[in-house]
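Observations on the model geometry
The chain contents come next:
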Amino acid sequence: MHILRRTILAAAAVSALLASGAGFAADIKPRLIRFGYGLNEASNQGRAVKLFAEQVEKASQGKMKVRAIGAAALGSDVQMQQALIGGAQEMMVGSTATLVGITKEMALWDTPFLFNNTKEADAVLDGPIGTKVMNKLQDKGLVGLAYWENGFRNLTNSKRPVTKMEDLDGIKLRVMQNNVYLDSFKMLGANAIPLPFSELFSALETRTVDGQENPYNTILSSKFYEVQKYLTISNHVYSPWIVTVSKKWWDGLSKDEQKILADAARASRDFERKDTREEGAKALADLKGKGMQINELSPAEAGRMRDKLTKVNASVASNVGMDLWKETQDELGKMRGT
Ligand code: TF8
């Protein structure tokens, strides 16, 4: 009787251990992960990084510690990418658009009006095409774990309401350090100026540039409403973020450690998309409340801009390769039933 009871207790203890993820074989060493990002702590990006850190610490029973460092304190996206490649920093999350200099296929996501809605974005990014593009990073010293949502981008400026293309003439518009964005906005008539995000607020404040484009969430969390009066709803492109790891460091991790990071990146992706969409749904009203003047484009003007912007498609296609371009168009066509 006693032996039986002890056996049952022991079996229960083992299964509890296994259920908690700390199976006997789990190979987890003490690790410090410096995880950098560009927005501030009180942003959708900051909240998701915080969740990621909690998940990793929990799943590793406190052995793997994530030091989340926001507000570009470790550098701009481009600087952090280099630190990851060199092994001086372990992880980051940032815009895919700033990775194009490293992996040209990332330019696929810069295609204006590629996705009609977030459902299409999620399906393509999380499906075989998104994975294929993400895996291209590996040759360059980076491991991609998940796409998070930055979101559909909209135009703001301090000069005038943009109700038609011609209103952009001569507006000094900050764009990301990416040729598709540069070409797109030049094509629309703006004076497009590439700048890292970390320099954007002060560039707007000092009027070094007149405008910028980012999702509502970022316009809100980065307080651009303090230095930008006009917002034009343009939704001209869906911009993903991507969680990346230094491959140099990743290759030294055990399978268990890698799995903890990959699982946490995906769990925080799901949280982040939901959080971003909830915040985004209220953001316009919030921005109005902060004093921004918001306008939509008439269907005719939106169509004119769209026609102009899709002129960059040919150069995106040649950059990313015709096969990948066609595969993406086919996939979207299937989803749209066209
Ligand atoms: C941009 C991007 C940024 C992100 C962020 C720093 O405009 O949208 O918000 O790259 O990770 O630069």
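In the block above lies the structure referred to throughout.
What comes next concerns the included structure. Values in this document were obtained by computation on a predicted structure and should not be read as measured data.

Lining the immediate surroundings of the ligand are 13 residues, of which D77, N150, R153, R174 and N214 lie closest. At 2.8 Å, a side-chain N or O of N150 approaches an oxygen atom of the ligand. Here the ligand has 330 Å² of accessible area as a free molecule, and 98% of this is covered by the chains. Spatially, the ligand is embedded in the largest cavity.

A separate point is the sheet that holds strand β10 (residues 238–246). Across the sheet, which stays open at both edges, the five strands sit in the order β2-β1-β3-β10-β4 with mixed pairing between neighbours. The open sheet has two free edges, formed respectively by β2 (64–69) and β4 (142–152), since each of these has just one partner strand. If you compare each strand with its neighbour and ignore which way they point, the axes differ by 20 degrees on average. Both strand β1 (residues 31–37) and β2 contribute to a ladder of six bridges, which runs parallel. Paired with G36 across the bridge in β2 is I69. Along the sheet, helix α2 (residues 44–59) contacts β1, β2, β3 (91–95), β4 and β10; its crossing angle with β2, the most-contacted strand, is approximately 170 degrees. Across the sheet, helix α3 (residues 77–86) touches β1, β3, β4 and β10, and the angle it forms with β3 is around 145 degrees.

The next thing to look at is helix α4 (residues 118–126). Of the residues making up α4, those classed as buried are E120, A121, D122, V124 and L125. Residues of α4 that are buried make contact with α5 (128–135), β4, β10, α10 (255–289) and α13 (322–336). N-capping of α4 is provided by N117, with a side-chain oxygen placed 3.2 Å from the backbone N of K119.

Our focus in this paragraph is the packing of α2 against α10. Two elements in contact, α2 and α10, have axes separated by 8 Å at closest approach and are oriented at 150 degrees. Put simply, α2 runs roughly antiparallel to α10. For the crossing formed where α2 meets α10, the hand is right-handed. Residue-level inspection shows N44, R47, A48, L51, F52, Q55, V56 and A59 of α2 in contact with α10, the latter providing I260, L261, A264, A265, A267, S268, F271, E272, D275, T276 and E279. For the contact of α2 with α10, the per-class residue count stands at eleven nonpolar, four polar and four charged.

Here T232 is to be found in strand β9 (residues 230–233). Looking at T232, its side chain comes within polar contact range of the main-chain oxygen of V162, at 3.1 Å. Side chain to side chain, T232 and N295 meet in a polar contact 3.4 Å long. Discounting chain neighbours no more than four positions away, the residues touching T232 are N154, L155, V162, N295 and L297.

As a further point, take the pairing of β4. Regular strands place their side chains on alternate faces of the sheet. By the criterion of burial, β4 is predominantly enclosed, with eleven of the eleven residues buried. Across nine bridges, β4 lies against β10 in antiparallel orientation. Paired with V143 across the two strands is V245, which belongs to β10.

Let us look at the pattern of salt bridges. One pass over the full model with this rule turns up 24 salt bridges. One salt bridge connects E213 with R153, and the closest N-O pair in it is separated by 2.8 Å. Placement of the pair is E213 in strand β8 (residues 211–214) and R153 in the loop between β4 and β5 (154–157), with a sequence separation of 60 residues. Both residues of the pair, E213 and R153, count as buried. The closest approach of N and O atoms between E166 and R304, which form a salt bridge, is 2.6 Å. Residue E166 is located in the loop between β5 and β6 (172–175), and its partner R304 is located in helix α11 (residues 299–309); the two are separated by 138 residues in the primary sequence. Using a relative accessible area of 36% as the deciding quantity, one classes E166 as partly exposed. Relative accessible area serves as the criterion here: at 33%, R304 is assigned to the partly exposed category. A cluster of three or more residues bridged by salt bridges with shared partners is formed by D122, D126, E149, R269, D270, R273 and R277.

Rules used throughout
- Residues numbered from 1 in each chain as written.
- Predicted model: local features only at pLDDT ≥ 70, side-chain atom pairs only at ≥ 80, totals over all residues.
- Heavy atoms only, no water.
- Near = heavy atom within 4 Å.
- Polar contact = N/O pair within 3.5 Å; in protein donor to acceptor, adjacent residues only side chain to side chain.
- Areas by Shrake-Rupley, 256 points an atom, 1.4 Å probe, with all protein chains shown as cover.
- 1 Å grid on protein atoms, 1.4 Å probe; cavity = no way out; pocket = protein on both sides within 12 Å on 5 of 7 lines; lining within 4 Å.
- Sits in = over half its atoms within 2 Å of the grid points.
- Pairing = 2+ DSSP bridges.
- Helix = DSSP H or I, 4+ residues; strand = E, 2+ residues; numbered from the N terminus.
- Axes fitted to C-alpha atoms, helices over the stretch in contact; angles between N-to-C directions.
- Contact = heavy atoms within 4.5 Å.
- Buried < 20%, exposed > 50% of the residue type's maximum accessible area, 1.4 Å probe, protein only.
- Parallel < 35°, antiparallel > 145°, perpendicular 65-115°, else oblique.
- Left-handed = near helix turned anticlockwise from the far one by under 90°.
- Nonpolar A, V, L, I, M, F, W, Y, C, P; charged D, E, K, R; others polar.
- Salt bridge = Lys/Arg side-chain N within 4 Å of Asp/Glu carboxyl O.

Everything listed is a geometric property; what it means functionally is a separate question.
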